[in-house]
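Structural description and commentary
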Amino acid sequence: MLPHLHIGFPRETAEGIKTSWPKSTLLILAITLHNIPEGLAVGVTFGAIASGQPETTLAAAVTLALGIGIQNFPEGIAVSMPLRGEGFSTFKCFWYGQLSGLVEPLAAVLGAAVVVFAMPVLPYALSFAAGAMLFVVIEEVIPESQLHGNTDYATFGALAGFLIMMILDVALG
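Residues numbered from 1 in each chain as written. Predicted model: local features only at pLDDT ≥ 70, side-chain atom pairs only at ≥ 80, totals over all residues. Heavy atoms only, no water.

1. Considering helix α3 (residues 90-101)
Look at α3: 17 Å from first C-alpha to last across twelve residues, which is about the 16 Å you get at 1.5 Å a residue. Those residues of α3 that fall on the buried side of the exposure criterion are Cys-93, Gly-97 and Ser-100. Buried residues along α3 cover an arc of 65° about the axis, so they all sit on one side. In α3, the exposed positions angled more than 90 degrees off the buried face are occupied by Phe-91 and Phe-94. Packing partners of the buried residues in α3 comprise α1 (23-50), α2 (58-85) and α4 (103-117). (Helix = DSSP H or I, 4+ residues; strand = E, 2+ residues; numbered from the N terminus. Expected span 1.5 Å × (residues − 1). Buried < 20%, exposed > 50% of the residue type's maximum accessible area, 1.4 Å probe, protein only. Arc of directions from axis to C-beta. Contact = heavy atoms within 4.5 Å.)

Here is the structure:
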C-alpha cells in the first residue's frame, strides 16, 4: 500500500499509492518497510525465550540477530549511496541510513511484547515474521539483484550469505 520504487526500475513502475515524492524518499521508505519484519523476527525469537519456550534457544536468537545485524550494513549503504549521488551531505546520507534501520529495534520490542503477553500467538507470530521476510526478499531483493548484468555477483552474494548463516547456526546452535 505504501509508495515505493524498486531500484533500477523506471518511476512509472512505482508500487502503492501514486506520489510525487522523489526517488530518494521512495528508496528510504522501501528499505525502512523491509526492516520491520526483520525486527519482528528477532523480537519474536527473544520473546519466545522469555516466555520459556523450550524449542527456542538463546543461541538461535543470537544467531538470527547477528545475521540480521550483519546484513544491515549493506542495507544502510543501499540507502546512503543513492542519496550521496543526489548531492546529499555525507552526514545526511549516514543519518538517513541509520534512520531506515531504526524501525528494527522498535519492531523487535513489539514482537517480543506480543509473544510474552500472548503465548498462544507464538506459532503465528513466528510464521508471520518468517513469511514477511521471505516475501520482502522475493519481492524486493532478488529482482533488484539481477539488474545491470550482475547476476553472477548477486547469486554468489546470496550463497555466501546463506553459508555464513549456516555456519553461525551450526557454531552457535
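After presenting the structure, the write-up continues.
2. Let's talk about a nonpolar patch on the surface
On the surface, Phe-46, Leu-58, Val-62, Leu-66, Ile-70, Ile-164 and Leu-172 cluster together into a nonpolar patch covering about 560 Å² of accessible area. Of all elements in the fold, only α2 and α6 (151-172) reach the threshold of two or more residues within the nonpolar patch. Looking at the nonpolar patch, the element that brings in the most residues is α2, giving four residues. With respect to the secondary-structure elements, Phe-46 resides in helix α1. On the basis of relative accessibility, which here comes to 32%, the residue Phe-46 falls in the partly exposed class. (Patch = residues over 30% accessible without salt bridge, like charges linked within 9 Å, V, L, I, M, F, W, Y side chains within 5 Å. Areas by Shrake-Rupley, 256 points an atom, 1.4 Å probe, with all protein chains shown as cover. Salt bridge = Lys/Arg side-chain N within 4 Å of Asp/Glu carboxyl O.)

3. Concerning the nonpolar core
Grouped together as the largest cluster of nonpolar side chains are six residues: Leu-27, Ile-28, Ile-31, Val-79, Leu-83 and Cys-93. Put simply, the parts of the chain that give this core at least two residues each are α1 and α2. With residues up to four places along the chain from it excluded, the contact list for Val-79 reads Leu-27, Ile-28, Ile-31, Tyr-96, Gly-97 and Ser-100. Within the second largest apolar cluster, five residues are counted, among which are Val-44, Ala-48, Val-115 and Leu-122. (Core = buried A, V, L, I, M, F, W, Y, C linked by side-chain atoms within 4.5 Å.)

These figures come from the coordinates and say nothing about function on their own.
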